[in-house]
Amino acid sequence: MRTFHKLDDVPRDFGPAIVSVGNFDGVHRAHRHVLDEIVRRAKAGSAQSVVVTFEPHPSRILRPGHNLKLLTSLPEKLRLLEATGIDAVLLLPFSRDLSLMTPHQFAHEILKKRLHAREVHEGYNFHFGHKAAGNIQMLRDLGREMGFEVHDYPEMRLRGERVSSSHIRKLLSEGQVSRARHLLARPFSILATAGRGRGYGAKYTVPTINLARYEELVPKDGVYVTRTRIGSECFDSVTNIGNRPTFGSDSFAIESHLLNFHPLALSAETEVEVYFLDRLRDEIKFPSIEALKEQIGRDVRKAQKYLRRLGRAGVSS
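Residues numbered from 1 in each chain as written. Predicted model: local features only at pLDDT ≥ 70, side-chain atom pairs only at ≥ 80, totals over all residues. Heavy atoms only, no water.

Side note on the environment of Met-138
Note the threshold: A run of H or I in DSSP counts as a helix once it spans at least four residues, and a run of E counts as a strand once it spans at least two, with each numbered from the N terminus. Remark: exposure states derive from per-residue accessible area (1.4 Å probe, protein chains only) relative to the maximum for the residue type, with buried under 20%, exposed over 50%, and partly exposed in between.
Along the polypeptide, Met-138 turns up in helix α6 (residues 136–146). You can call Met-138 partly exposed: its relative accessible area is 31%. Along the sequence, Met-138 and His-104 sit 34 residues apart, while their C-alpha atoms lie 8.9 Å from each other.

Here you go:
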């Protein structure tokens, strides 16, 4: 997958292209439906399949006080997009200048002039251009003028729920990681590195690991059944998100207890990814460390039972 970090990176002779424009936060099931189609049509028509997306997310420029937390960091989003088989991503730096482009300017300068779009595929509620003035009908009209077709997709629902980034964020903020997993078509995950002060050495010998500071969306505080990837190895785990009130530390942490642990090599750069499968309980303050240990034992037994039941069914949906 080729990644263009600004419009001028796109070769003048690029295209023809089958394009989809959007934020693609989470690269969820509905996104995948559109992307699978543009990949298929590009291969059939000897064209390039292209995603146009933005960095930072437009809301962070247009509504800086909103404090939007994303489902996926940029590296993770690019990794998920690459897995769809698309040929290229145009990662437009979102600025005030870009936000002031009219729908006509956006269609002409980006879709027609630079990408040589043959088709543009968008969701039913797509908006573009200054003050989101452009919609699907306007895009279709511009396409007739500029020589590209527009394909729009209806709202996707799964078991009665909207498949959308905003709805998935809401579910995660409520701790409903299992429902979010169905809409994402994979477990929600956090990709980071190990937190500082973990005593790195030749071998990592403690069956708990803290994540380094993470700036994007995390599920609601609580205790979860998870799987934790450390480098290339994956462990069943129970993960606590919160302030660890029993210890009186009142400091936010994401800490995973690795169930099938064995000592392993670890450095400050080792990737740690936590996949959230199901919620066990709220985070609570226990009267003693012993009471906390007893509860952790119960959490582990519940997690092991859940993971056995999941078994060969997999964790993708």
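That shown, we press on.
Topic: helix α8 (residues 177–184)
With six of eight residues buried, α8 is to be regarded as a mostly interior element. All of the buried residues along α8 are Val-177, Ala-180, Arg-181, His-182, Leu-183 and Leu-184.

Re the pattern of salt bridges
In plain terms, the rule: By definition here, a salt bridge exists when the distance from a side-chain nitrogen of Lys or Arg to a carboxyl oxygen of Asp or Glu is within 4 Å.
Throughout the structure, instances matching the rule amount to 22 salt bridges. A salt bridge links Glu-37 to Arg-41, with the shortest nitrogen-to-oxygen separation between them at 4.0 Å. A residue pair is termed a helical-turn pair when its members lie 3 or 4 positions apart in one helix, as Glu-37 and Arg-41 do in helix α1 (residues 29–44) at four residues. With relative accessibility at 22%, the residue Glu-37 sits in the partly exposed group. In this structure, the salt-bridge partner of Arg-144 is Asp-141, at a minimum N-O distance of 2.4 Å. With a gap of three residues between them, Arg-144 and Asp-141 both fall in helix α6, about one helical turn apart. Assessed through its relative accessible area of 59%, Arg-144 is described here as exposed. What makes Asp-141 partly exposed here is its relative accessible area of 36%. Residues participating in the shared-partner salt-bridge network are Glu-76, Arg-79, Arg-229, Glu-271 and Glu-273.

Observations concerning the pairing of strand β9 (residues 188–193)
Basically, it comes down to this: Should DSSP find at least two bridges between two strands, the strands are taken to pair.
Most of β9 is tucked away, with five of its six residues classed as buried. Note: β9 against strand β14 (residues 271–281), six bridges, orientation antiparallel. Looking at β14, one finds that Thr-193 is bridged to Glu-271.

Observations regarding the pairing of strand β4 (residues 88–93)
Most of β4 is tucked away, with five of its six residues classed as buried. Strand direction decides the pairing type here: strand β1 (residues 2–4) and β4, joined by three bridges, are parallel. What sits directly across from Thr-3, in β4, is Val-89.

Section: the side chain of Ser-20
Under the convention used in this document: In the analysis that follows, any N or O atom pair within 3.5 Å is treated as a polar contact, provided that within protein one partner can donate a hydrogen and the other can accept it, and provided that, for residues neighboring in sequence, both atoms belong to side chains. Note on definitions: a residue-residue contact is assigned when non-hydrogen atoms from the two residues lie within 4.5 Å.
Its place among the elements puts Ser-20 in strand β2 (residues 17–21). Within the local environment of Ser-20, its side chain forms a polar contact with the backbone oxygen of His-121, the two atoms lying 2.8 Å apart. Non-local contacts of Ser-20, meaning those with residues more than four positions away in its chain, are made with Val-34, Ile-38, Val-50, Val-51, Val-52, His-121 and Glu-122.

Comments concerning the sheet that holds strand β11 (residues 222–230)
Our working definition: Each axis is a line fitted through C-alpha atoms, taken for helices only over the stretch in contact, and angles between the N-to-C directions span 0 to 180 degrees.
Taken in spatial order, the six strands make up an open sheet running β9-β14-β11-β12-β13-β10, and their pairing is antiparallel. In this open sheet, the two strands that pair with only one neighbour each are β9 and β10 (208–210). Strand-to-strand twist in this sheet, taken as the mean axis angle between neighbours without regard to direction, amounts to 30 degrees. Contacting β11, β12 (233–242), β13 (253–258) and β14, helix α9 (residues 289–310) runs over the sheet at an angle of about 100 degrees to β14.

Some thoughts on the packing of aromatic side chains
Filter applied, for reference: Aromatic pairs are defined between Phe, Tyr and Trp rings, using the six-membered ring for Trp, whenever the two ring centres lie within 6.5 Å; interplanar angles under 30 degrees are classed as stacked, those over 60 as edge-to-face, and all others as tilted.
Applying the stated criterion across every chain yields a total of seven aromatic pairs. Relative to Phe-14, the ring of Phe-4 has its centre 5.6 Å away and its plane inclined at 85 degrees; by these criteria the two rings are edge-to-face. Within this pair, whereas Phe-4 is found in strand β1, its partner Phe-14 is found in the loop between β1 and β2, the two being separated by ten residues in sequence. We classify Phe-4 as buried; its relative accessible area is 5%.

As for the side chain of Glu-216
Within the secondary structure, Glu-216 is located in the loop between β10 and β11. Within the structure, the side chain of Glu-216 is placed 2.7 Å from the side chain of Arg-60, a separation counted as a polar contact. Only 2.9 Å separates the side chain of Glu-216 from the backbone nitrogen of Leu-70, close enough to count as a polar contact. With sequence-adjacent residues up to four places away left out, Glu-216 is seen in contact with Arg-60, Leu-68, Lys-69, Leu-70 and Ser-73.

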